[in-house]
Amino acid sequence: MTDDILEIMTADKLPSPDERLQQEFNRWADAGEGEKMERHHLDITEKTMRLMDLRAGERVLDMGCGSGWATRMLARMVGGARPGFGQVVGIDISDEMVRQARASSKDFKNVRFEVGSAAQIPWEGNSFDKVLSVESFYYYPDQERALAELFRVMAPRGRLFVLINLYKDNPYSLQWVPKLKVPVHVRSAAEYVELLKAHGFENVEYKLIPDDTPTPENYQTTSFHSLDDLKAFKKIGALLLMASKPDLRNPARG
Ligand SMILES: C[S@@+](CC[C@H](N)C(=O)[O-])C[C@H]1O[C@@H](n2cnc3c(N)ncnc32)[C@H](O)[C@@H]1O
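Residues numbered from 1 in each chain as written. Predicted model: local features only at pLDDT ≥ 70, side-chain atom pairs only at ≥ 80, totals over all residues. Heavy atoms only, no water.

Draft legend 1. Spotlight on the overall build of the protein chain. Each helix and strand counted, the protein chain has 8 helices and 7 strands in total. Its C-alpha atoms give the protein chain a radius of gyration of 19 Å, near enough to 18 Å, the size a compact globule of 254 residues would have. Here the C-alpha coordinates of the protein chain stretch approximately 60 × 55 × 40 Å along the principal axes. Of the contacts formed within the protein chain by residues at least 6 apart in sequence, a portion of 76% connects residues at least 24 apart. With an accessible surface of roughly 13,100 Å², the protein chain has 51% of that area assigned to carbon and sulfur atoms. Distance between charge centres in the protein chain, computed from 34 positive and 38 negative side chains, equals 6 Å. (Helix = DSSP H or I, 4+ residues; strand = E, 2+ residues; numbered from the N terminus. Rg over C-alpha atoms; globule rule 2.2 N^0.38 Å. Contact = heavy atoms within 4.5 Å. Areas by Shrake-Rupley, 256 points an atom, 1.4 Å probe, with all protein chains shown as cover. Lys, Arg positive; Asp, Glu negative; His and termini not counted. Charge placed at Lys NZ, Arg CZ, Asp CG, Glu CD.)

Draft legend 2. Representation of helix H8 (residues 227-236) in the model. Those residues of H8 that fall on the buried side of the exposure criterion are Leu227, Asp229, Leu230, Ala232, Phe233 and Lys234. Of the residues trailing H8, Gly237 is marked for its positive phi of about 95°. (Buried < 20%, exposed > 50% of the residue type's maximum accessible area, 1.4 Å probe, protein only.)

Draft legend 3. Structural detail: the packing of helix H3 (residues 33-51) against helix H4 (residues 69-78). One way to put it is that H3 packs onto H4 with a least axis distance of 9 Å and a crossing angle of 40°. Classed by the angle they form, the pair H3 and H4 counts as oblique. Contacts between H3 and H4 pair Gly34, Met37, Glu38, His41, Leu42, Thr45, Glu46 and Met49 from the former with Trp69, Ala70, Met73, Leu74 and Met77 from the latter. In the contact of H3 with H4, the residues fall into 8 nonpolar, 3 polar and 2 charged. (Axes fitted to C-alpha atoms, helices over the stretch in contact; angles between N-to-C directions. Parallel < 35°, antiparallel > 145°, perpendicular 65-115°, else oblique. Nonpolar A, V, L, I, M, F, W, Y, C, P; charged D, E, K, R; others polar.)

Draft legend 4. Local environment of the sheet that holds strand S1 (residues 60-63). Read across the open sheet, the 7 strands follow the order S3-S2-S1-S4-S5-S7-S6; overall the sheet is mixed. Among the strands making up the open sheet, the edge pair consists of strand S3 (111-115) and strand S6 (202-209). Going across the sheet, the axis of each strand differs from the next one's by a mean of 15°, ignoring polarity. Pairing geometry for strand S4 (residues 128-134) and strand S5 (residues 154-164), over 6 bridges, is parallel. Directly across from Val131, in S5, lies its bridge partner Leu160. In the packing of helix H7 (residues 189-198) onto the sheet, the strands contacted are S5, S6 and strand S7 (238-244), and the crossing angle to S6 comes to about 155°. (Pairing = 2+ DSSP bridges.)

Draft legend 5. Highlighting the site of the ligand. Neighbouring residues of the ligand: 23 residues in total, closest His41, Gly64, Trp69, Asp92 and Ser136. A distance of 2.8 Å is found between an oxygen atom of the ligand and a side-chain nitrogen or oxygen belonging to Trp69. When the ligand is considered free in solution it has 590 Å² of accessible area, and contact with the protein chains removes 99% of it. Elements with a minimum of two residues in the shell around the ligand: helix H2 (17-30) and H3. Tallied by class, the residues present in the shell around the ligand amount to 13 nonpolar, 7 polar and 3 charged. (Near = heavy atom within 4 Å. Polar contact = N/O pair within 3.5 Å; in protein donor to acceptor, adjacent residues only side chain to side chain.)

Draft legend 6. Representation of H4 in the model. Counting buried residues in H4 gives 8 out of 10 residues, a clear majority hidden from the surface. Among the residues of H4, Trp69, Ala70, Thr71, Arg72, Met73, Leu74, Ala75 and Val78 are the ones counted as buried. Of the surrounding elements, those touching the buried residues of H4 are H3, S1, strand S2 (88-92), helix H5 (95-103), S3 and S4. Following H4 by one or two positions, Gly80 adopts a phi angle in the positive range, close to 80°.

Now the structure itself:
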């Protein structure tokens, strides 16, 4: 009896999957990883932004924005339009990442950052013309719920761009899985396409985005078994999922 009660009490104290993510990415932020990720993700993100066909005045969401460097790049691309348009919102589960993102974005009038989970995006429906998510989606504990939420906040005919570095078809990326301190999803491109279609997205397609950043011969990698594996990983590249929301509006909540 006493043991049962103890077990229940311990279970009660276990952090939820979202709390674990927040703790882990707060740790990353404190260790300066938010800034470092810009270097690691810049090449594939720039290539993705070129495909996004961004225009002045568009409203954009950066889901899992980390320290906000990509959010600021998006803000430069869509800013300068009429007041209230050309806004970019960065949302992240890590309050420490969001604190850093806000601190680095004081000069931007068209950027806003919020702490929030992909499972419950703190924004009203039908809002965003474009959504970008860089290296974040495979961490979402409930990817189906995250897709339903992304669908909800996207404007009718809005476009979704999800970059994923950890996926089945790039076998080198699987070397990280045992090193990560939080669970991740490992799906193939074909499985992701089916998932997006099942959630009502249209024009679902994918593209592999190689990372053409040169790898210095003296680079110390902790994530890969060898420098050759890192180079092979970059050559295959990241998975970019692209999709549209159909021309429909979600009803207001409640
Ligand atoms: C690998 S980092 C990438 C950050 C940023 N996009 C970049 O490229 O620098 C993953 C980010 O996703 C965020 N994240 C993970 N799970 C999340 C969730 N369920 N909801 C919202 N953000 C999440 C983390 O806090 C972290 O900042």
